Amino acid sequence: MPDNIRNFCIIAHIDHGKSTLADRLLEKTGTVSLREMRGQILDGMDLERERGITIKAKTVRMSYKGLTLDLIDTPGHVDFTYEVSRALHACEGALLVVDASQGVEAQTMANAQLAKDAGLKIIPVINKIDLPAADPETAHEEIMELLGIEDDPVLISAKTGQNIDAVLEAIIDRIPAPGGSPDNPVKALLFDSVFDVFRGVIIQVRMMEGVLKVGDTITLAGKQAAPAPLPGYREPKPMVWSGLFPADGSDYADLRDAL
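Just so we're clear, the structure is a prediction, and the values are computed from it rather than from any experiment.

Novice: Quick one: what's the story with the overall build of the protein, residue by residue and with numbers?
Specialist: Helix and strand counts for the protein stand at seven helices and eight strands. Residues classed as buried in the protein amount to 39% of the 259 residues present. Put simply, 65% of the contacts in the protein that link residues at least 6 apart link residues at least 24 apart. Just so you have it, the protein exposes about 15,400 Å², and 54% of that area is on carbon and sulfur atoms.

Novice: Can you tell me about the sheet that holds strand β5 (residues 121–127), naming the residues and giving the values?
Specialist: Ordered in space as β2-β3-β1-β4-β5-β6, the six strands form an open sheet in which the pairing is mixed. Because the sheet does not close on itself, it has two edges, and the strands there are β2 (58–64) and β6 (154–155). Sheet topology places strand β1 (residues 5–12) next to strand β3 (residues 67–73); six bridges connect them, and they run parallel. What sits directly across from Arg6, in β3, is Leu69. Each of β1, β2, β3 and β4 (93–99) is contacted by helix α1 (residues 18–28), which is oriented at about 150 degrees to β1, the strand it contacts most. Helix-sheet contacts for helix α5 (residues 136–147) involve β4, β5 and β6, and the interaxial angle to β5 is about 155 degrees.

Novice: Explain a nonpolar patch on the surface to me, and be specific about the residues and the numbers.
Specialist: Residues Leu190, Phe195, Val197, Phe198, Val201, Ile203 and Val205 make up a contiguous nonpolar surface patch of roughly 820 Å² in combined accessible area. Contributions of two or more residues to the nonpolar patch are made by β7 (187–196) and β8 (200–209). No other element matches the three residues that β8 contributes to the nonpolar patch. Within the secondary structure layout, Phe198 lies in the loop between β7 and β8.

About the criteria used
- Residues numbered from 1 in each chain as written.
- Predicted model: local features only at pLDDT ≥ 70, side-chain atom pairs only at ≥ 80, totals over all residues.
- Heavy atoms only, no water.
- Helix = DSSP H or I, 4+ residues; strand = E, 2+ residues; numbered from the N terminus.
- Buried < 20%, exposed > 50% of the residue type's maximum accessible area, 1.4 Å probe, protein only.
- Contact = heavy atoms within 4.5 Å.
- Areas by Shrake-Rupley, 256 points an atom, 1.4 Å probe, with all protein chains shown as cover.
- Pairing = 2+ DSSP bridges.
- Axes fitted to C-alpha atoms, helices over the stretch in contact; angles between N-to-C directions.
- Patch = residues over 30% accessible without salt bridge, like charges linked within 9 Å, V, L, I, M, F, W, Y side chains within 5 Å.
- Salt bridge = Lys/Arg side-chain N within 4 Å of Asp/Glu carboxyl O.

Next comes the structure, spelled out in structure tokens:
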């Protein structure tokens, strides 16, 4: 039910701790086990991990206290602002992460304005309070004076996991549940797509109204609706198919000979 859903994103200036906070949320909700955990787990691209930045927005679904928390981890670098703007329109709220020692910076302001323009509920999160140079009071003042956000911030250390529970409680208490009704005509926002080598192109869609189910033909509502589903769809039958390819194309002849 929509009342049990919270759709939110994490926005920040680059290197203020977005991806690390996402790691801690995945750990705290049990979405990823400690055995599977690694740093920047949502950053799957080699370049992201090499540079320590997020380039592509990532989505993940978490469960906490009987609620469904849908997270979009967005890029912080100015070059990827469009990635951020698309993600914001799929959410009702945003965690605005600010480094306790650096304070509000350029992309903090730019991303906060994007979130405001999208009508999101913004929760300020002051990170890295464990650092010797941390000054959360000054960071809070900058958030109020430069961004006009009066809400009480959540003070955390994403690196150590300090106060992550408070972040989850703020998500539940402050971010509104999504609107819309399953009884209304279908309306959805396609906000991203990714390619998976096993499953092909995966479309990421935020349902605003109505319901989509596996196997439906997509059509207009009302008098222009299709009278019957399109032919050609059949329930898939289980089967096994295997294709073997070397990671390096130059190894193809060796693989062929070995087989």
